[in-house]
Amino acid sequence: MNPDHEWMDQASTRRLLTRPAAEIARRLLGSSLTSTVDGIRVEVRVTEVEAYGGVGEDPGSHAFRRQTARNAAMFGPPGRSYVYFTYGMHWCLNVVTCPAGTAGAILIRAGEVVGGLDAARGRRPRARQDVDLARGPARLTRALGITGAMDGVDLLDRGSPVQLRLPALPAPAVAITGRTGVAGPGALTPWRFAADHPTVSPYRPASPRARG
DNA sequence: CTCGAGATGGCCT
DNA sequence: GGCCATCTCGAGT
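Note that the structure is a prediction, hence the values are computed from the model and not measured.

Reading the values: the criteria
Residues numbered from 1 in each chain as written. Chains lettered and ligands numbered in written order. Predicted model: local features only at pLDDT ≥ 70, side-chain atom pairs only at ≥ 80, totals over all residues. Heavy atoms only, no water. Near = heavy atom within 4 Å. Polar contact = N/O pair within 3.5 Å; in protein donor to acceptor, adjacent residues only side chain to side chain. Nonpolar A, V, L, I, M, F, W, Y, C, P; charged D, E, K, R; others polar. Helix = DSSP H or I, 4+ residues; strand = E, 2+ residues; numbered from the N terminus. Buried < 20%, exposed > 50% of the residue type's maximum accessible area, 1.4 Å probe, protein only. Contact = heavy atoms within 4.5 Å. Arc of directions from axis to C-beta. Patch = residues over 30% accessible without salt bridge, like charges linked within 9 Å, V, L, I, M, F, W, Y side chains within 5 Å. Areas by Shrake-Rupley, 256 points an atom, 1.4 Å probe, with all protein chains shown as cover. Salt bridge = Lys/Arg side-chain N within 4 Å of Asp/Glu carboxyl O. Core = buried A, V, L, I, M, F, W, Y, C linked by side-chain atoms within 4.5 Å. Pairing = 2+ DSSP bridges.

Colleague: What is the right way to look at the protein's contact with DNA strand B in this model?
Modeller: In the vicinity of DNA strand B, the contacting residues are Arg65, Arg66, Thr68, Arg70, Tyr87, Gly88 and Met89. Backbone sugar and phosphate groups make up 61% of those atoms of DNA strand B lying within 4 Å of the protein. A distance of 3.0 Å separates a phosphate oxygen of DNA strand B from a polar side-chain atom of arginine 65. Threonine 68 is positioned such that a nitrogen or oxygen atom in its side chain is 2.7 Å from a phosphate oxygen of DNA strand B. Its residues assigned to classes, the surface near DNA strand B shows 2 nonpolar, 2 polar and 3 charged.

Colleague: Looking at this model, I keep getting lost on the environment of proline 77. Mind explaining?
Modeller: Tracing the backbone through its elements, the reader meets proline 77 in the loop between β2 (40-52) and β3 (81-86). Assessed through its relative accessible area of 28%, proline 77 is described here as partly exposed. As a C-alpha pair, proline 77 and threonine 18 span 59 residues in sequence and 9.5 Å in three-dimensional space. Residue contacts for proline 77: discarding those within four places in its chain leaves Val96, Cys98 and Ala100.

Colleague: Just checking my understanding: could you explain helix α2 (residues 21-28) for this structure?
Modeller: Since there are 3.6 residues in each turn of an α-helix, residues three or four apart along the chain are aligned in direction. Taken residue by residue, α2 has Ile24, Ala25, Arg27 and Leu28 as its buried positions. All buried residues of α2 project into a common sector of 165° when viewed along the axis, lining one side. Lining the buried residues of α2 we find α1 (10-16), β2, β5 (105-115), β6 (162-165) and β8 (192-195). Where α2 ends, the next residue or the one after it, glycine 30, has phi of about 90°, a positive value.

Colleague: How should I be thinking about a nonpolar patch on the surface in this particular structure?
Modeller: A contiguous nonpolar surface patch, about 410 Å² in accessible area, is contributed by Phe85, Tyr87 and Met89. In this structure, phenylalanine 85 sits in strand β3.

Colleague: Explanation requested: the pattern of salt bridges in the structure shown.
Modeller: Following the criterion strictly, the structure yields 11 salt bridges and no others. For the salt bridge of glutamate 43 with arginine 45, the shortest nitrogen-to-oxygen distance reads 3.9 Å. In terms of burial, glutamate 43 and arginine 45 fall into one category: buried. Among the ionic pairs, arginine 109 bridges to glutamate 48, the shortest N-O distance being 3.1 Å. With arginine 109 in strand β5 and glutamate 48 in strand β2, this pair connects stretches of sequence that are 61 residues apart. Glutamate 48 shares its class with arginine 109; the two are buried. Three or more residues are tied together by salt bridges with common partners; here these are Glu48, Glu50, Arg109 and Arg192.

Colleague: Explain the protein's contact with DNA strand C to me, please; I cannot follow it from the model alone.
Modeller: As a structural note, the neighbourhood of DNA strand C is formed by 18 residues, with Tyr84, Tyr87, Asn94, Arg124 and Arg139 the closest of them. For DNA strand C, the backbone portion of the atoms within 4 Å of the protein, that is sugar and phosphate, comes to 56%. Within the side chain of histidine 90, one N or O atom sits 2.8 Å away from a base oxygen of DNA strand C. Between DNA strand C and arginine 109 there is a distance of 3.4 Å, counted from a phosphate oxygen to a side-chain nitrogen or oxygen. Sorting the residues of the surface near DNA strand C by element identifies β3, β4 (90-96), β5 and α4 (137-144) as the ones contributing at least two each. The residue makeup of the surface near DNA strand C, split by class, is 8 nonpolar, 6 polar and 4 charged.

Colleague: Teacher, can you tell me more about the nonpolar core here?
Modeller: One broad rule of soluble globular proteins: the nonpolar side chains tend to lie buried together. Formed by 39 residues in total, the largest nonpolar core has its most connected members in Leu33, Val49, Ile108 and Leu164. Taken together, the elements giving at least two residues each to this core come down to α2, β1 (32-37), β2, β4, β5, α3 (117-123), α4 and β6. Looking at which element gives the most residues to this core, the answer is β2, with 5 residues. In this structure isoleucine 108 touches Leu33, Val46, Glu48, Val49, Leu93, Val95, Pro137 and Leu140, once residues within four positions along its chain are discounted. With 13 residues, the next largest nonpolar core counts Met74, Tyr84, Val96 and Leu107 among its residues.

Colleague: Would you explain the pairing of β1 in this entry?
Modeller: Remark: a regular strand shows side chains that alternate across the two faces of the sheet. In terms of burial, β1 is largely enclosed, as 5 of its 6 residues are buried. Summarising the sheet, β1 and β2 pair through 6 bridges and their orientation is antiparallel. Each residue of the ladder has a partner; that of leucine 33, found in β2, is valine 44. Count of turn residues in the β1/β2 antiparallel hairpin: 2 residues, of which aspartate 38 carries a positive phi of about 55°.

Keep in mind these numbers describe shape, not what the thing actually does.
Now the structure itself:
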């Protein structure tokens, strides 16, 4: 997907993570996400992301109302992880954006496993094809072995169990739509960004709940 | 391909 | 008590 890669340095990455959400989200496509869990390394190339805003500005965001114990990482410095538990069984990974004290995050929705294939397959035995290993936010964390224990880690630190490197150049083709799991106000905000790649989930806008 | 429902538990009102 | 930033399987078109 991104031949002959050059990666952004850490200082430039931190600076970029304080830019407007749409710009960050677009630049995250093609990123390298690496986990080292139990000494096993798995690497994913990011193909799909969604942006989420801060207090009072994005009804679809966990931070919309105020800071709580769960969303605390969203209010921390940029470049950290925000990992949350949902539907009673799934973990999802975000990259924290915005300066500390201001909430913002980008949900990593999908990627292509480019390293540690055997480990990823072992963690995702139900996946029929390799493109399905990290196709979806909870599938991606499962393939990488990411859990709530990694909430709040610095993704730009070489010592972290989960690490992120942004591509020096933006991905070429990017589809921009409304966010997948978001209903109600904010559903139409064009904050989902996807590369042209088979690991990207088919876009399904959240449907309003059926009435009586 | 699409649709619907069950799993399963924490968070927030 | 209601609502999830989801995934999987089975059945239908």
